[in-house]
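Structural features, examined
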Amino acid sequence: MRILLAIAACCWAIDVAGQEAALLERGWTVDGVARQALVYAPESAKSDATPVVFAFHGHGGTMRQASLSFHDHTVWPEALVIYPQGLNTPGQLTDPAGKRSGWQKQAGDQDDRDLKFFDAMLASIEQDYKVDARRIYATGHSNGGGFTYVLWSARGDVFAAVAPSSAALKRGMSITPKPALHLAGETDPLVKYEWQQLTMQLVRKVNGCDEDGTAWGESGPLVGTIYASKRGTPFVSLLYSGGHKFPPEAPALIVKFFKEHAKGE
């Protein structure tokens, strides 16, 4: 048993090392502040139209932790994937002193520092690579999921689809119809499930979805339901019985959803 555990640990270490080796740290200066992100770019991104995924860590997280938990670049190696690093941010539910990293909560908050950061990242990626403007996506967990909703509200025209996790729309935030997947834990003690239910109901209404849904995705601990829309803006609820933790089965399903949607289709 010890030998098997040692082999498994070794394989995991090699896998993590391989993931990190594929990522490059890039920097930007936004309003005089240094910002960073880990970026994965396939070799083909220089010559072929390439989809882009932005993946935002939760409050207190890091870009490196996000690259390991989301690992969208390993699930979708043909895509260009960016894991941005947040700045110290006062939290609404935890960390009121703002000693840990996070993202602005709505447009106008923190002088829009993170919306400006997103704009700078996208502009430089479009300059350095051949980006498929029809296939740009955003996802994030917790505070990162909340910022995904901020991006949908403030930069909605950029994205083909979004996939927030363990987050809720803020009061007064407006969104326009767009394919969306929302991942929620039914026993989430932090971002209450009932808050997320209200968000999902609102998104379905905005997207013009049918009342009844059908099964979507693979069987397992995550239960997916898709609500079709005559506007071409379906909504997927992806539910699990757990709490606030990002489930390891989620990245494959989020990437599956992204692959199913491009702007103009």
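Scroll up to find the structure this text is about.
Residues numbered from 1 in each chain as written. Predicted model: local features only at pLDDT ≥ 70, side-chain atom pairs only at ≥ 80, totals over all residues. Heavy atoms only, no water.

With respect to helix α7 (residues 250-259)
Counted only if it meets this: Burial status follows relative accessibility: with a 1.4 Å probe on protein chains alone, a residue under 20% of its type maximum counts as buried, one over 50% as exposed, and anything between as partly exposed. Helix and strand assignments follow DSSP, with helices taken as H or I runs no shorter than four residues and strands as E runs no shorter than two, numbered in order from the N terminus.
Counting buried positions along α7 yields seven of 10 residues, so the element is predominantly enclosed. Those residues of α7 lying buried are A250, P251, L253, I254, V255, F257 and F258.

Focus on helix α5 (residues 143-155)
Selection rule: Expected helix span is computed as 1.5 Å times (number of residues minus one).
Look at α5: 17 Å from first C-alpha to last across 13 residues, which is about the 18 Å you get at 1.5 Å a residue. For α5, the buried fraction is high: 10 of the 13 residues fall into the buried class. Among the residues of α5, N143, G144, G145, G146, F147, T148, Y149, V150, L151 and W152 are the ones counted as buried.

Some words on the side chain of R204
Quick note on the threshold: His is not counted here, nor are the chain ends, while Lys and Arg score as positive and Asp and Glu score as negative. Whenever a carboxyl oxygen of Asp or Glu lies within 4 Å of a side-chain nitrogen of Lys or Arg, that contact is scored as a salt bridge. N or O atoms within 3.5 Å of each other form a polar contact, as long as, within protein, one can give a hydrogen and the other can take it, and as long as residues adjacent in sequence are counted only when both atoms are side-chain atoms.
Mapped onto the secondary structure, R204 falls in helix α6 (residues 193-206). No salt bridge is formed by the buried R204; the nearest opposite charge belongs to E211, separated by 4.3 Å. A polar contact of 3.1 Å, which involves the side chain of R204, links it to the backbone oxygen of E211.

Quick notes on the pairing of strand β7 (residues 131-141)
As a reminder of what qualifies: Two strands qualify as a pair provided that DSSP identifies no fewer than 2 bridges between them.
Of all the 11 residues making up β7, eight are buried; the element is thus mostly covered by neighbouring parts of the structure. Bridge count between strand β3 (residues 50-56) and β7: six bridges; the pairing is parallel. Across the sheet, residue F56 finds its bridge partner in β7, namely G140. Pairing geometry for β7 and strand β8 (residues 161-165), over five bridges, is parallel.

Topic: unusual backbone geometry
Its identity is not glycine, yet D111 carries a phi of approximately 55°, on the positive side. Looking at the secondary structure, you find D111 in the loop between β6 (101-102) and α4 (113-128). Taking relative accessible area as the criterion, D111 reaches 57% and is therefore assigned exposed. A positive phi angle, near 50°, is found at S166, a position not held by glycine.

Some points on the packing of aromatic side chains
Applied cut-off: We call Phe, Tyr and Trp rings a pair once their centres come within 6.5 Å, taking the six-membered ring for Trp, and we label the pair stacked below 30 degrees between planes, edge-to-face above 60, and tilted otherwise.
Summed over the entire model, instances satisfying the criterion amount to 13 aromatic pairs. For the ring pair F56 and F147, a centre distance of 5.1 Å and an interplane angle of 80° mean the geometry is edge-to-face. You can see F56 sitting in strand β3 and its partner F147 sitting in helix α5, a full 91 residues away along the chain. Residue classification places F147 among the buried residues on the basis of a relative accessible area of 0%. Aromatic side chains Y149 and W152 sit 5.9 Å apart centroid to centroid with 15° between the ring planes, which places their arrangement in the stacked category. One end of the pair, Y149, and the other, W152, are both in helix α5, three residues apart, so they sit about a helical turn from each other. For the pair shown, Y149 and W152 are each scored as buried.

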